[in-house]
Amino acid sequence: MAYVLLPLLGGSWAGVSCSEEEAEASEYDNWQTRNEVYFATLADSLRGNPSQWQHIKSYAFDDAAEVSSTNYIYAKVIEKGTGTECPAFTDSVRVIYKGRLIPSATWPEGRVFSSTVNDQFSAATGYTTKGVVGHFVEGFTTALQLMHCGDYWRIYVPYQLGYGETAQEVADVVNIPAYSVLIFDLQLVDFRPAGEALPLWSSRQGRPE
């Protein structure tokens, strides 16, 4: 089953009032159309700076397959790592990430729905999380299989390669609305073949312990 680790919301969402529910509903008016338009405009970024941006076909389609633009992710390469190999579908990975939605009225940079960092994205201060490459949502998995250790990318996942037409709920609250483009700041810290344990990670030293 595909997953991205969602935050442990605990009691912070308890007692949501009707007015808060109404405000959240209006926040996502015409959400499908807004997300489709937002994703379509990313093609302009690729044309404007092709050396920094990548247009990557989902791993689920072979080179000969006829696919639409929504079977691709966009990746902005922010920092290149020093690794020379990429993880395979069955490998275990250790990553730092922040996941958010597209900008909206209340959240001009996009509402963060899950993150291993408290504020600014940084390998020096962030926590890490582990998972198997093939267990994440399709767009996240696609990016990981092309990343090297130390690479820091910002990836844009169309809803077709994310959670699709299904809203994701945590503690009975809609945390990710249906039809959401997912935006991830993502850094690959380490990876190991299936059956081999990942080393512990120390953010202070910025290296495995």
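Cut-offs and rules
Residues numbered from 1 in each chain as written. Predicted model: local features only at pLDDT ≥ 70, side-chain atom pairs only at ≥ 80, totals over all residues. Heavy atoms only, no water. Helix = DSSP H or I, 4+ residues; strand = E, 2+ residues; numbered from the N terminus. Expected span 1.5 Å × (residues − 1). Buried < 20%, exposed > 50% of the residue type's maximum accessible area, 1.4 Å probe, protein only. Arc of directions from axis to C-beta. pLDDT = per-residue confidence, 0-100. Contact = heavy atoms within 4.5 Å. Salt bridge = Lys/Arg side-chain N within 4 Å of Asp/Glu carboxyl O.

> Before we move on, could you go through helix α2 (residues 31-48) and cite the residues and values that matter?
When the terminal C-alpha atoms of α2 are compared, their 27 Å separation across 18 residues agrees well with the 26 Å that a helix rising 1.5 Å per residue should span. Among the residues of α2, those classed as buried are W31, N35, F39, L42 and A43. Projection of α2 onto a plane perpendicular to its axis shows the buried side chains occupying an angular sector of 145°, all on one side. Turned more than 90 degrees off the buried face of α2, the exposed positions are A40, R47 and G48.

> Run through the confidence of the model for the protein chain, naming residues and quoting values.
Considering every residue of the protein chain, the mean pLDDT works out to 84; 82% of them sit at 70 or more. Every residue in residues 6-20 scores below 50 in pLDDT, and together they form 15 contacts with partners more than four places removed in sequence or on other chains.

> With reference to specific residues and values, describe the pattern of salt bridges.
Applying the stated criterion across every chain yields a total of 4 salt bridges. Close ionic contact of R192 with D190 constitutes a salt bridge, the shortest N to O distance being 2.8 Å. The class for D190 is buried, based on a relative accessible area of 7%. Here R192 ties to E196 by a salt bridge, and the two come within 3.4 Å at their closest N and O atoms.

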